[in-house]
Amino acid sequence: MKALLTGGAGYIGSHTAVAMLEAGHEVAVVDNYYNSSEEAIRRVEKITGKSVSMYEADVADKSKMKEILAGEMPDCIIHFAGLKAVGESVEKPVEYYRNNIDTTLTLLECMKELGLGNIVFSSSATVYGEDNIPPFTENMPKGSCTNPYGWTKWMQEQILTDAQKASAGDASGGSAGLSVVLLRYFNPVGAHESGLIGEDPKGIPNNLMPYISQVAVGRRDHLTVFGNDYDTPDGTCRRDYIHVMDLAEGHVKAAEYCAAHKGTEVINLGTGEPYSVLDMVKAFGEACGKPVKYEIGPRRAGDVQDSWADADKAKELLGWKASRGIREICRDAWKWQSSNPEGYGK
Ligand code: NAD
Ligand code: WQD
């Protein structure tokens, strides 16, 4: 199939591009490089020995998107493009709602006008909110999000679900019978095993794994662990860390499923295994051959104590299951970080 990846130059998109190409699919990417670099796509081509059709555009620019989509006519759109920094979304909610919601609405309008039917969407475990108890299953009611970023995911899920529902009863052509797959990612981490592509956050990382990597490579002095007084075995929060290549392979299966079915499916992409902050610090120290320096600090506002997936639905529906563990995650994150200490910048 031909897949068009919005935000395909970003962290998860670039790894998914590799997995799609390796599975024999064609890939086109649309990105405005707001949080990424064209270099990521050049490296995708280097890893796979295959070429990617690359478009620099804002996905919310309807006339440009319609032109690109009309030229490509993809069998499936995988919609990664979005702003994703939780803390920044609290400071700039309007920018987050504008960008994340507009890109989705624009795609749906273009799809309807061009008769394109299949879309896979990057959602997040954050939509389970604060009150559900893990393991999270897809049929739990969505929760109350703790920040504007989370609400944008919550709302985009709703918009896509409503559009699909309406399309099922619309026999007038256009997007009659949309197929929507909402993928709820847990904590994507790690890098392609080549060390050629990986996560390249701008500025001070907000997320645990890039922060640990930058401490290990000497760019930051130490990690602050946000709280060790939670009700968990070592007092630190637990998460479902999933290797980004497992996640990428999950997208291949999801896109294939999406193109072959109608309706809306919500699917968790996680491992089902929780690890604590200190588990990850220890595993990274073993991977890079020296302990990662850390200090215990106060809790971070908005953090939930525990989050992990029930990963059964992905296995049953897609035949997909994560195969890499935290050893591989830390090994590959370290390979990327140590061979690209400044990310794509140098
Ligand atoms: P990323 O920032 O690396 O990638 C997003 C890409 O979208 C970037 O290349 C950015 O330049 C591009 N982009 C943003 N707005 C755009 C626009 N209007 N037009 C064109 N391009 C635009 O982030 P990522 O970690 O690869 O995340 C991909 C998707 O997965 C996002 O939607 C994110 O919210 C979601 N997600 C990420 C995580 C995570 O922890 N990384 C977890 C759950 C969900
Ligand atoms: C993991 C654990 C922190 C940094 C976020 C978003 C979520 C999703 C994935 C997009 C937590 C602890 C972290 C640090 C620390 N993104 N930590 N010191 O918060 O689970 O999820 O990214 O959808 O929506 O909220 O991930 O990597 O920020 O934190 O102790 O410097 O590491 O408290 O327990 P999180 P994270």
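In case you missed it, the structure is sitting above this.
So, here is what we can say about the structure in this document. Here the structure is a predicted model, which means the values were calculated and not measured. (Residues numbered from 1 in each chain as written. Chains lettered and ligands numbered in written order. Predicted model: local features only at pLDDT ≥ 70, side-chain atom pairs only at ≥ 80, totals over all residues. Heavy atoms only, no water.)

**Thoughts on the side chain of T48**
Part 1 of the reasoning: Summarising the element assignment, T48 is placed in helix α2 (residues 38-48).
Part 2 of the reasoning: Judged by relative accessible area, T48 falls into the buried class, the value being 15%.
Part 3 of the reasoning: In this structure the side chain of T48 is engaged in a polar contact, spanning 2.9 Å, whose partner is the backbone oxygen of V44.
Part 4 of the reasoning: With sequence-adjacent residues up to four places away left out, T48 is seen in contact with V18, L21 and E22. (Helix = DSSP H or I, 4+ residues; strand = E, 2+ residues; numbered from the N terminus. Buried < 20%, exposed > 50% of the residue type's maximum accessible area, 1.4 Å probe, protein only. Polar contact = N/O pair within 3.5 Å; in protein donor to acceptor, adjacent residues only side chain to side chain. Contact = heavy atoms within 4.5 Å.)

**Looking at the sheet that holds strand β2 (residues 26-31)**
Part 1 of the reasoning: Spatially, seven strands are ordered β3-β2-β1-β4-β5-β6-β11 in an open sheet, and the strand pairing comes out parallel. Strands with a single pairing partner mark the edges of an open sheet, and in this sheet they are β3 (53-56) and β11 (263-269). Here the average twist between neighbouring strands, direction ignored, is 20 degrees.
Part 2 of the reasoning: As defined by bridge partners, strand β1 (residues 2-6) adjoins β2 across five bridges and the pair is classed as parallel. (Pairing = 2+ DSSP bridges. Axes fitted to C-alpha atoms, helices over the stretch in contact; angles between N-to-C directions.)

**Quick look at the site of ligand 2**
Part 1 of the reasoning: In the region of ligand 2, 18 residues are neighbours, and Y149, L208, T224, R239 and D303 sit closest.
Part 2 of the reasoning: F226 places a polar main-chain atom, nitrogen or oxygen, 2.8 Å from an oxygen atom of ligand 2. (Near = heavy atom within 4 Å.)

**Quick notes on the site of ligand 1**
Part 1 of the reasoning: Taken together, 27 residues sit near ligand 1, with D31, N35, S36, F80 and Y149 positioned nearest.
Part 2 of the reasoning: Y11 is positioned such that a nitrogen or oxygen atom in its backbone is 2.9 Å from an oxygen atom of ligand 1.
Part 3 of the reasoning: At 2.8 Å from a nitrogen atom of ligand 1 is found a side-chain nitrogen or oxygen belonging to N99.
Part 4 of the reasoning: In isolation ligand 1 offers 810 Å² of accessible surface; the protein chains occlude 95% of this area.
Part 5 of the reasoning: Breaking the shell around ligand 1 down by element, the ones donating at least two residues are α1 (11-22), α5 (93-114), β5 (118-124) and α6 (148-168).
Part 6 of the reasoning: For the shell around ligand 1, the element with the most residues is β5, which contributes three residues.
Part 7 of the reasoning: Partitioning the shell around ligand 1 into residue classes produces twelve nonpolar, eleven polar and four charged. (Areas by Shrake-Rupley, 256 points an atom, 1.4 Å probe, with all protein chains shown as cover. Nonpolar A, V, L, I, M, F, W, Y, C, P; charged D, E, K, R; others polar.)

**A few points about the environment of I12**
Part 1 of the reasoning: Its place among the elements puts I12 in helix α1.
Part 2 of the reasoning: With residues near it in sequence (within four places) discarded, I12 still touches F80, Y185, P188, V244, L247 and H251.

**Focus on the pattern of salt bridges**
Part 1 of the reasoning: This structure, assessed with the given rule, holds 22 salt bridges.
Part 2 of the reasoning: As a salt-bridge pair, K84 and E199 come within 3.7 Å of each other at their nearest N and O atoms. On the criterion of sequence distance, the pair formed by K84 in the loop between β4 (76-79) and α4 (86-91) and E199 in the loop between β7 (187-189) and α7 (208-216) is long-range, its members being 115 residues apart.
Part 3 of the reasoning: E199 sits in the buried class, given a relative accessible area of 15%.
Part 4 of the reasoning: Residue R238 is joined to D306 by a salt bridge in which the shortest nitrogen-to-oxygen separation is 2.8 Å. On the criterion of sequence distance, the pair formed by R238 in strand β9 (residues 238-239) and D306 in the loop between β13 (294-297) and α10 (312-318) is long-range, its members being 68 residues apart. (Salt bridge = Lys/Arg side-chain N within 4 Å of Asp/Glu carboxyl O.)

**Quick look at unusual backbone geometry**
Part 1 of the reasoning: In this structure, the amide linkage connecting P134 to the following residue, P135, adopts the cis form with an omega of 5 degrees.
Part 2 of the reasoning: Mapped onto the elements of the fold, P135 is located in the loop between β5 and α6.
Part 3 of the reasoning: Even without a glycine there, the phi angle at Y33 is positive, about 60 degrees.
Part 4 of the reasoning: Counting through the fold element by element, Y33 comes out in the loop between β2 and α2.
Part 5 of the reasoning: The phi torsion at M73 lies on the positive side, around 45 degrees, for a residue other than glycine.
Part 6 of the reasoning: Inspection of the secondary structure assignment puts M73 in the loop between α3 (62-72) and β4.
Part 7 of the reasoning: Taking relative accessible area as the criterion, M73 reaches 38% and is therefore assigned partly exposed.

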